[in-house]
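Residues per chain, in single letters:
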Amino acid sequence: MKTQHRFLFVISFVLFGLSAMNAQQQGIEVKEPLEKIESDTLTPRVKTDKYGLRVGIDLSKPLRTLLDDTYQGFEIVGDFRIRERYYLAAELGTETKEYNEANFNAKTKGSYIKAGFNYNIYNNWVGMSNLIYVGVRGGFSTFSQDLYSYTIYTTNTFFEPDLRTDSRTYNNLNLIWVELQLGMQVELFNNLYLGVNVQLKRALTQKAPDDFANLFAPGFNKVTTDNVYGAGYGYSLSYFIPIFKK
């Protein structure tokens, strides 16, 4: 499992490096910054920004699905520019996670939605629409949990472990969290973007089984009883649909 996760991170940084190299090439191709153009020409070029919808998928989840037999996931990402530096943003997805531990076997499956905004801190040159952003999300996950088998906990090692195989299903579970996101979007080709982000999450409330615990919440990741914080990452491929300029 750790090797698979390391491979995911390596792929992320390779893609990140390729996108950075492409961004540098775009920067070389741009003649001059806006201020330089205005000072060198008699008719200054008017800067226009594109506004529209960017939509795509999180590539890390299909890749993890291929590498990890205990995981399945898919996520759609999108944002819409509402002001010069502000973007409404959302993610919608589904995840399934299986646990084959020494003392229990279980599976969690469900869906989630995250919504909020991104603030672009990057000053683009003329003709560029890249982002380096700070984002805030509110997340809601709804899921079910199947417990297939479990071992009764005891400190007495004289007897054999008491393994119970009466399976149980817990429905209508949920978890609500807030999320801080740091990331970037680099335009590879015309209107085609590669994105990379890291996420810091804090659980606010959750509905858990009365006689068990939530193990995994789609969109949030692993759930623990002694820590309300979580983390995540992603890299996306998305397409920008221009609607208007101003």
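**Q** How should I be thinking about the confidence of the model for the protein chain in this particular structure?
**A** Keep in mind that low pLDDT regions are not for reading the predicted coordinates in detail. Put simply, the protein chain has an average pLDDT of 83, and 75% of its residues get 70 or more. Predicted confidence is poor over residues 23-39, with pLDDT under 50, and the contacts of this stretch with residues over four places away or in other chains come to 20 contacts.

**Q** How do you make sense of the environment of asparagine 123 when you look at a structure like this?
**A** Relative to the assigned elements, asparagine 123 resides in the loop between strand 4 (104-120) and strand 5 (131-151). Between the alpha carbons of asparagine 123 and arginine 85 there is a distance of 9.4 Å; along the sequence they are 38 residues apart.

**Q** Help me understand the packing of aromatic side chains, please; the structure alone is not making it clear to me.
**A** Geometrically, a pair of aromatic rings is defined through the distance of the ring centres and the angle of the planes. Following the criterion strictly, the structure yields 6 aromatic pairs and no others. Ring centres 6.3 Å apart and planes at 45 degrees place the aromatic pair tyrosine 86 and phenylalanine 117 in the tilted group. Separated by 31 residues along the polypeptide, tyrosine 86 in strand 3 (residues 86-100) and phenylalanine 117 in strand 4 bring together distant segments of the chain. Of the residues examined, tyrosine 86 reaches a relative accessible area of 33% and is grouped as partly exposed. Using a relative accessible area of 36% as the deciding quantity, one classes phenylalanine 117 as partly exposed. Taken together, a centroid distance of 5.8 Å and an interplanar angle of 65 degrees make the contact between tryptophan 177 and phenylalanine 220 edge-to-face. Residue tryptophan 177 is located in strand 7 (residues 168-189), and its partner phenylalanine 220 is located in the loop between strand 9 (216-217) and strand 10 (221-222); the two are separated by 43 residues in the primary sequence. Assessed through its relative accessible area of 1%, tryptophan 177 is described here as buried. Joined through ring pairs, the aromatic side chains of Tyr86, Phe117 and Tyr119 make up one cluster.

Cut-offs used in this document
Residues numbered from 1 in each chain as written. Predicted model: local features only at pLDDT ≥ 70, side-chain atom pairs only at ≥ 80, totals over all residues. Heavy atoms only, no water. pLDDT = per-residue confidence, 0-100. Contact = heavy atoms within 4.5 Å. Helix = DSSP H or I, 4+ residues; strand = E, 2+ residues; numbered from the N terminus. Phe/Tyr/Trp six-rings, centres within 6.5 Å; stacked < 30°, edge-to-face > 60°. Buried < 20%, exposed > 50% of the residue type's maximum accessible area, 1.4 Å probe, protein only.

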